[in-house]
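Descriptive analysis of the structure
Here is how the chains run, residue by residue.
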Amino acid sequence: MQKGLRAFTHVFLVMLVVGALVVINTKRVAMAATIGGDASTAANCPPDVQCEVDLAALKDGGCNWSTAKRPSDLPVYGITEHTTEGSLAEALAEAQDTSKCISWNYLIDQTGKVYVSVPKDSLAYDVGNWWVNTHYVQVEHVGRAEDCSTLTPAEYAASIKLDHWLIRQFRIQPSSATIAGHDSYPAVNDAGMASRHWDPGICWPWATYLAAVGAPIVPTAAPNAPVVTIKAKDSHQSVQDCPGVGFSGCVAAAQDTTNFLALHTAPSAASPLLADPYLHPDGSSGSTAMQDWGDKAPTGHAYVVLARKAGWTEIQYGGTNAWFQDTGKFTVPTTALVVRPKANQAVPIYGRPMPEYDAPGWQSIPYDHQQQVALTKYMMQPGQRYVVASVPQPRTDYAEGCNLADCSGPGDMTVVIGNEKYYEISWSHHYAFVKAADVAVTPAR
C-alpha cells in the first residue's frame, strides 16, 4: 500500500511539473501575442520539422528581444547561421537570462528538433550588428565551432529545411551574402571589431550547404576571369584552436577540414600570414589559429584577382593585397560587378548602412544609438576594386528596438527611412558597406 501511495504521489508530482511547464510556455506565447509577435508554432515552423515554441525572456530596458512585424515594417534580406558553443540546456537557459541581452529566432538541437526563441517576424539580438539583427533571421545550432563533430547530420537537415521555408516566407534571394555565417558581418564601430565572433566555424560545409538552400557556387565566367569565388570544399590546412587572448593557449584542432583559403603576404608558403589591423594592432603576422579570421578567405566570398603566378593567386582583400595557394580546385571564375573609389581619394568602410541625419524619424528616438561611424582601420584606396555582394536596397533604414518589454516606450520600434544608398561588398572575411556616392560601379574586367 505504501508502495502504491509512493507511486501515485510520484505520478501526481510529475503531472504538476508538466502542468506548470505547459502554463509557463502558454504564458510566454500569450505574452508575445499581446505585444504584436505571432508566437504560434504554425506561424514560425515549417511543417516537416519537429518544432517547439520556447520564447526568450523579455524585460524592460531592451532585453532580450524586440517585437516587430517583419516584413511589413522591416524587410528581411537573409538568414545568419550560428553555433551555440554549449549544450541545448545551456542555450535554453541563456535565452531566459535578461542580464546578457542576447537571443536568436531559432535554436536547432543535435537531434534536429527546432526551438522558436523569438518569433520570426521579431528582432533577435544575436549578431552584434544591429542592422543585421533587424534584417536577418538568426538561427543557432547546438554545437561548437571548434569541433564540427558536434554538429550532426540531423541538425544540418533540419537547418536546411528551416532555411528553405524561411526563404519562401520572406522571399529571400538565396546567395552567400544572404545565407551567411555570424562571422560574415563586422561590428558597427572600431570598439567591437577585435571581439567579432567567428562561428559557425572553419569546417561548416558552406559549399554543400549553400547548394542545398538554392545558392550553389558554380562558374559564371570563363577560366582566368578577373573575379574568383572561394569554394574551399573539404580543403585541408594547418589550423590550431587558440582560445586565449591574442590567440594564445593553443591546442591541436579537432579537425583539419576547412572552408577557407589561407592568405599570405607573398606567393610563398614561407611568407607571413596576412594580419587584420583589428586583430593584430601591434603589427604582428596572422596566425593559423582558427579564431584568427583576418587571414582567411571564406567559401562563398568573391574577390578581384590582381595576379596569378606559379600556383598562387593574388587578390584584393581588406584594403591590401593577399596571396593564396591556388591548385584550381578551390575557386570558381565569377561574373560580377565591382566598386572602386569614384574620386582619387580613399573611401571609408562601414559596418552597416545608415539613413542620413536629416531623415524623418530621428527626432522621435530619445537615445543616441544612431550615429554612423566608419571602421577607421579600413579604407578602400584609389585603384582598388571590390566585388559587389548586393546592390543598394530600395531604402536605407534604422529601426530602434523596444526599450520596454511591451514596446510602448518613447521611440520604441521607430523606423527611420532615408535616401542614402550603400553597396554591400565582399571586403575581407566580412561583408561591409560603402556609400554609393563614394564609388563607381562597373562590370569586372
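Residues numbered from 1 in each chain as written. Predicted model: local features only at pLDDT ≥ 70, side-chain atom pairs only at ≥ 80, totals over all residues. Heavy atoms only, no water.

A few words now on a nonpolar patch on the surface. A cluster of nonpolar side chains, contributed by Leu337, Val391 and Val441, occupies part of the molecular surface with about 220 Å² of accessible area. Among the secondary structure elements, Val441 is positioned in strand E28 (residues 439–443). (Patch = residues over 30% accessible without salt bridge, like charges linked within 9 Å, V, L, I, M, F, W, Y side chains within 5 Å. Areas by Shrake-Rupley, 256 points an atom, 1.4 Å probe, with all protein chains shown as cover. Salt bridge = Lys/Arg side-chain N within 4 Å of Asp/Glu carboxyl O. Helix = DSSP H or I, 4+ residues; strand = E, 2+ residues; numbered from the N terminus.)

Read from one edge of the open sheet, five strands run E18-E17-E16-E9-E19, paired in antiparallel fashion. Two strands in the sheet have a free side with no partner beyond their single neighbour: strand E18 (320–325) and strand E19 (331–333). Pairwise comparison of adjacent strand axes, ignoring direction, gives a mean angle of 45° for this sheet. Two strands pair when backbone bridges link them, and strand E9 (residues 227–230) and strand E16 (residues 302–309) are joined in this way by three bridges, in the antiparallel orientation. Paired with Val227 across the strands is Val304, a residue of E16. (Pairing = 2+ DSSP bridges. Axes fitted to C-alpha atoms, helices over the stretch in contact; angles between N-to-C directions.)

Hydrogen bonds between backbone groups are what pair the strands of a sheet, and the pairing can be parallel or antiparallel. The strand order across the open sheet built from six strands is E1-E5-E4-E7-E3-E8, with neighbouring strands paired in mixed fashion. Only two strands of the sheet have a single partner each, and these edge strands are strand E1 (51–53) and strand E8 (179–181). The average undirected angle you get between the axes of adjacent strands in this sheet is 25°. Against the sheet, helix H5 (residues 153–170) contacts strand E3 (78–83), strand E4 (106–108), strand E5 (114–116), strand E7 (136–141) and E8, and its axis sits at roughly 155° relative to E4. (Contact = heavy atoms within 4.5 Å.)

Attention now goes to the state of the cysteines. Within this structure, the stated rule accounts for five disulfides. The side chain of Cys63 participates in a disulfide bridge whose partner is Cys101; the two sulfur atoms lie 1.6 Å from each other. Highlighted residues: Cys63 in the loop between E1 and strand E2 (65–66) and Cys101 in the loop between helix H3 (88–94) and E4, separated in sequence by 38 residues. Taking relative accessible area as the criterion, Cys101 reaches 29% and is therefore assigned partly exposed. (Disulfide = S-S within 2.5 Å. Buried < 20%, exposed > 50% of the residue type's maximum accessible area, 1.4 Å probe, protein only.)

Before going further, it helps to examine the environment of Pro333. Examined against the element boundaries, Pro333 turns out to sit in strand E19. Between the C-alpha atom of Pro333 and that of Ala302, which follows or precedes it by 31 residues, the distance is 9.3 Å. If near-sequence neighbours (up to four positions away) are discounted, Pro333 is found in contact with Val218, Pro219, Thr220, Ala221, Ala222, Pro223, Ala225 and Val227.

Our next topic: the packing of aromatic side chains. According to the stated counting rule, one finds 16 aromatic pairs in the structure shown. Taking the centre distance of 5.6 Å and the plane angle of 40° together, the rings of Tyr303 and Tyr317 count as tilted. Here Tyr317 lies in strand E17 (residues 312–317) and Tyr303 lies in strand E16, a separation of 14 residues in the sequence. In this structure, Tyr303 and Tyr317 share a single accessibility class: buried. Their ring planes at 40° and their centres at 5.1 Å tell us that Trp362 and Tyr398 sit as a pair that is tilted. One end of the pair, Trp362, is in the loop between strand E21 (347–350) and strand E22 (374–380); the other, Tyr398, is in strand E24 (residues 396–399), with 36 residues separating them in the sequence. Between Lys296 and the ring centre of Phe260, over which it is positioned, the NZ or CZ distance is 5.3 Å. The ring of Tyr278 carries Lys377 above its face, with NZ or CZ at 5.8 Å from the centroid. (Phe/Tyr/Trp six-rings, centres within 6.5 Å; stacked < 30°, edge-to-face > 60°. Lys NZ or Arg CZ within 6 Å of the ring centre and 35° of its normal.)

The next subject is the pairing of strand E25 (residues 415–418). For a regular strand, side-chain orientation follows a simple rule: the groups alternate between the two sheet faces. What you see with E25 is a clean split: Val416 and Gly418 sit on the buried side and Val415 and Ile417 on the side with no burial. With four bridges connecting them, E24 and E25 associate as antiparallel partners. Bridge pairing in E25 places Ala399 opposite Val415.

Residues Ile79, Tyr106, Leu166 and Tyr209 are the most contacted members of the largest nonpolar core, which totals 45 residues. Contributing elements (two or more residues each) for this core: E1, H3, E4, E5, E7, H5 and helix H6 (206–212). Looking at this core element by element, the count peaks at eight residues for H5. Once residues lying within four places of it in the same chain are set aside, the contact partners of Tyr106 are Asn44, Val114, Tyr115, Val116, Lys120, Val137, Gln138, Val139, Glu140, Leu162, Trp165 and Leu166. In this structure, Trp198, Met290, Ile425 and Val434 belong to the second largest nonpolar core, which totals 29 residues. (Core = buried A, V, L, I, M, F, W, Y, C linked by side-chain atoms within 4.5 Å.)

With that settled, the discussion passes to the pattern of salt bridges. If you walk through the whole model with that rule in mind, you get six salt bridges. In this structure, the salt-bridge partner of Glu420 is Lys435, at a minimum N-O distance of 3.9 Å. One end of the pair, Glu420, is in the loop between E25 and strand E26 (422–426); the other, Lys435, is in strand E27 (residues 431–435), and 15 residues separate them in sequence.

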